[in-house]
Amino acid sequence: TTMAPPKSTVSLLPVAVSVGAAVLTTAWLYRQINLDTKPSDNHQERRADVSEPKPQTDVLLQREIGISNTQGQDGILPNDTDDIAPRILSPGTVTIAYCSTTGTCSGFANRLRQELIERLEVASAKFASPARRVQLIQVSEVDWWDELVNNEDELESDGNANRKVGGPILLFVLPTWTDGTLPPDSQVLLQSLEEISTDWRVAPEPLRSSNPQTQLKVGAFGMGSSAYDAVTVGKPAKDVFSCLVGKLGARPLVGAKPVSNKKNVESGRKSKSLMIGDSEVGDSDVVFEKWMSGIVSSIFTELYTPTVSSNPKSKPSVKKQEQLQTQCDNKGSEGKESGCACKSETADSSNTGCCSSNHESDTKNGDGSSTDSLSEDEDDDDDDDDAIVDLEDMGNVMKSQSSAMKSSVPKEMVTPKQAKALKKEGYKLIGTHSAVKLCRWTKHQLRGRGGCYKHTHYGITSYQCMEATPSLACANKCVFCWRHHKNPVGREWRWKTDDPTMIVEEAVNMHVDMIKETRGIPGIQMDRWAEAHKVRHCALSLVGEPIMYPRINELLHELHEREISTFLVTNGQHPQAINDLVPITQLYVSVDASTPESLEAIDRPLFRDAWDRLKQSLSCLKRKGQRTVARLTVVKGWNSEEIGGYARLIALGHCSLVEVKGVTFCGKSDASNLNMTNTPWHHEVVEFTKILRDELNAIREEGGDDPLPEYDLACEHKHSCSVLLARVDQFAVPDPDDPSKRKWRTWIDYDKFQMLAKKHKVDPAFTFGVKDYIADTPSWAVFGADEEGFDPTDNRHRRKKKYPKYARFDEKGVPTHDTFDQSLDSDEIARLRSLMEQKKVEVGEATTVTEFKSGEKRIEDASLMFRGLVVIR
């Protein structure tokens, strides 16, 4: 027999079922109420929290404008609620949402906003029209769930219930980040859109509406560079547009429209709601202007088309309907896709939300007037659509770009716009792809105010050094690049190639001309000025990637023929070119990160296999017989951790020298997220270098078939925040005065090198090594010397100021002396120590890194709070 369940259990079952059903019903009702009737009092809280101050140009609502519809009151009237950002789905609102990494998209978004404002101002003098509001917002500052799902009908509150204000419009200006994604702080946009489209609690196509006053219309402009990847150019803009139109029910702002112009009818007009600009092609400005023209025209066609809904005969003609039907079902016998941008490969063809004959109410306004088309004048004048890059044309454009790249007639590297920007920065352009610029250290040493770190480490004469490059293009876009990315980018050479002899000749002549111009600078030492007319050194590190130049070896030979030493810096992305390089004075490879992830974040390389290329490049250094250098640029908060990873990379090449240098902050730039706190102090660079030395020697102790040589600190240049590690076996000998100590020989015998280089050119079988052209390092340049790398033959120049700065500190960072080497009194030191203790209570004992949504990283360290401050007595 089976036992019956206890009576108590049986009696509780119906109760449990009833309670569960009640809970589910309540949750469903709450969700529906929350979706439909969420209060609209707190507008500002709908924007996502931002933990950093934004520049004035990035405020949420830059300007709201209203156009008076009162007779005799033409002109722009400010909104009464300028401090309140309207909702994206509010009728009459035009929202421009953007994100930017280099400032390009930010500039485009501001241009669009300004154009709309100016057009509204002009139109207000001609039409009695309702209010239109324009707002500029950053993608990262919006709660997209709340803005798009929690809809609120503001027709009544705005007093526009009986007026034609036009539906809400949402315009995107978006860049392309790594692998075709949005920048890290803006990726929430696509994530939110995808979540909304797949959430079972949200109705299908929540943005679709039969009411023209509430139907959201969208447009998108994408920026990118095919130099990174032609497939992913503008992908974020395409994905956002496809999701909004194809899945969420938004409508394209600029719809396909047949026109009377025979050429356009035969070619088939395409939707211009989505367009892509390619910075590599160089036509992004033109494409953006075309896109903006269509957007603005569509907005004004909608707003100022006379209302004819009272006339029941105002329906479009049969011919017009047939044209629309033909264009919307534009799949011909050849299988061509529709001209509507929403019918992309990523959009759901069954739910495109536009250009569908099944939704007549969406094709026309409620009054029968068209809202998706350009004016007839715009169409008749717009015959050059072949230059427009929209979603459907992207494949053809990429093919044409690829064909252009393979063309037998190579193009020039630098565009007129890039040339203008480079000249503004002080570059003297040579031919089509080279440049020269006068280094500030050249002018410093001409005035007897000290030389650069190469003078301290290697003995170059700074006022006889020429800084140049045979290739302005680079394969990286490093965040710390002081050139602010005014130069072109590329993974391989595809441009016109200038003659190396011409490049060297012009570079020397231009450099000498710039030297001549320094004669009038106060303090110039005329004996040095005369010697500076003879160039003895060339730093091929100005900008770009010099090793990309296909005739780099010929250029190096030309420099050596003129007895000019060569210091070439490469970013380690062209290992084969490094392997094929002829002997030079000193070869650098930049090692900017210790992990693949940090390399992507710091260098922003064009190559997908950038990490492998860097390791291959470092491995090539082991086979070089001449001086090789691993150059590390320390950026606090970005690449100053995982020092053991740097040691493992350096071990690949058994580099002769390791330069560790603190990043130089060159001011805020749209192309960089760095700030002053990312710049390390010299004592921090010294500490970093000591740890790196210990890590290298730890690898050495592990032994193996090819053990790593010993490294030690050889030189320092405090002014440049630079410290030099050198191989003991190549650059150290016992000190004759004290055999227990080392004597460093990191300087270069330049005359000896030129003799060896010429002998190798005559007889390639002849080889020479590092020890064949070394020279003694003077005592003032050695690490730990009182001069801290400053040549005593020069005079240290300090600007005359009312107050000196704190210059010497104790082990905790409390100041003890000023720049005039005067000690602070004990009471002042005690006061400063008390202030530091208070700061430690606020920020903690250790260094803290705060990362903002924009990608900026701010460092706080109480032990550094007095560095760089002036002494107040």
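Here goes a summary of the coordinates provided. In this text the structure is predicted, and so the values were computed from the model without any measurement.

Further remarks concern unusual backbone geometry. Even without a glycine there, the phi angle at Glu 563 is positive, about 55°. Mapping Glu 563 onto the fold places it in the loop between helix H18 (552-561) and strand E13 (565-570). A relative accessible area of 42% means that Glu 563 is categorised as partly exposed. In this structure, Glu 642 takes a positive phi of about 50° despite not being glycine. Here Glu 642 shows up in the loop between strand E15 (627-634) and helix H22 (643-653). In this structure Glu 642 comes out as partly exposed when scored by relative accessible area, which is 41%.

Turning our attention to the pattern of salt bridges. One pass over the structure, following the stated rule, counts 33 salt bridges. Two residues, Asp 751 and Arg 536, come together in a salt bridge whose shortest N-O distance is 3.6 Å. Note that Asp 751 is positioned in helix H25 (residues 750-762) and Arg 536 in the loop between helix H17 (526-531) and strand E12 (537-540), a separation of 215 residues in sequence. Here the salt bridges do not stand alone but share partners, grouping Arg 693, Asp 694, Glu 710, Asp 712 and Arg 742 into one network.

The next subject is the packing of helix H5 (residues 188-198) against helix H6 (residues 235-246). If you want to describe how two helices pack, look at the angle between their axes and the distance between the axes. One can describe the packing of H5 onto H6 by two numbers: an axis separation of 10 Å at closest approach and a directional angle of 25°. Here H5 is positioned roughly parallel relative to H6, judged by the angle of their axes. As H5 runs across H6, the sense of the crossing is left-handed. Of H6, the residues touching H5 (which contributes Leu 189, Leu 190, Leu 193, Glu 194 and Ser 197) are Asp 239, Val 240, Cys 243 and Leu 244. Its residues assigned to classes, the contact of H5 with H6 shows six nonpolar, one polar and two charged.

Given a rise of 1.5 Å per residue, 18 residues ought to cover 26 Å, and the 26 Å separating the end C-alpha atoms of helix H16 (residues 500-517) matches this to within 8%. Those residues of H16 that sit buried are Pro 500, Ile 503, Val 504, Ala 507, Val 508, His 511, Val 512, Met 514 and Ile 515. In a view along the axis of H16, the buried residues occupy a sector of 160°, so they form one face of it. In this structure, the buried residues of H16 make contact with strand E9 (428-430), strand E10 (434-437), helix H14 (440-446), strand E11 (465-469), H17 and H18. Sitting at the head of H16, Asp 499 places a side-chain oxygen 3.1 Å from the backbone nitrogen of Thr 501.

The next point concerns the pairing of E12. Here E12 shows a buried face lined by His 537 and Ala 539 and a second buried face lined by Cys 538 and Leu 540. Bridge count between E11 and E12: three bridges; the pairing is parallel. Across the sheet, Met 466 pairs through a bridge with Cys 538, a residue of E12. In terms of strand pairing, E12 meets E13 through four bridges, oriented parallel.

This part covers a nonpolar patch on the surface. Together, Tyr 803, Val 870 and Ile 872 give the surface a local cluster of nonpolar side chains, amounting to about 250 Å² of exposed area. Structurally, Ile 872 is set in the segment after strand E26 (857-860).

Moving on, we get to the packing of aromatic side chains. By the definition in use, this model includes 16 aromatic pairs. Summarising the aromatic geometry, the rings of Phe 221 and Trp 291 are spaced 5.7 Å apart at their centres and angled 40° between planes, so their arrangement reads as tilted. On the criterion of sequence distance, the pair formed by Phe 221 in strand E6 (residues 217-224) and Trp 291 in helix H8 (residues 284-304) is long-range, its members being 70 residues apart. Trp 291 sits in the buried class, given a relative accessible area of 0%. The positively charged end of Arg 519 is found above the aromatic ring belonging to Trp 529, 5.0 Å away from the centroid.

How each quantity is defined
Residues numbered from 1 in each chain as written. Predicted model: local features only at pLDDT ≥ 70, side-chain atom pairs only at ≥ 80, totals over all residues. Heavy atoms only, no water. Helix = DSSP H or I, 4+ residues; strand = E, 2+ residues; numbered from the N terminus. Buried < 20%, exposed > 50% of the residue type's maximum accessible area, 1.4 Å probe, protein only. Salt bridge = Lys/Arg side-chain N within 4 Å of Asp/Glu carboxyl O. Axes fitted to C-alpha atoms, helices over the stretch in contact; angles between N-to-C directions. Parallel < 35°, antiparallel > 145°, perpendicular 65-115°, else oblique. Left-handed = near helix turned anticlockwise from the far one by under 90°. Contact = heavy atoms within 4.5 Å. Nonpolar A, V, L, I, M, F, W, Y, C, P; charged D, E, K, R; others polar. Expected span 1.5 Å × (residues − 1). Arc of directions from axis to C-beta. Polar contact = N/O pair within 3.5 Å; in protein donor to acceptor, adjacent residues only side chain to side chain. Pairing = 2+ DSSP bridges. Patch = residues over 30% accessible without salt bridge, like charges linked within 9 Å, V, L, I, M, F, W, Y side chains within 5 Å. Areas by Shrake-Rupley, 256 points an atom, 1.4 Å probe, with all protein chains shown as cover. Phe/Tyr/Trp six-rings, centres within 6.5 Å; stacked < 30°, edge-to-face > 60°. Lys NZ or Arg CZ within 6 Å of the ring centre and 35° of its normal.

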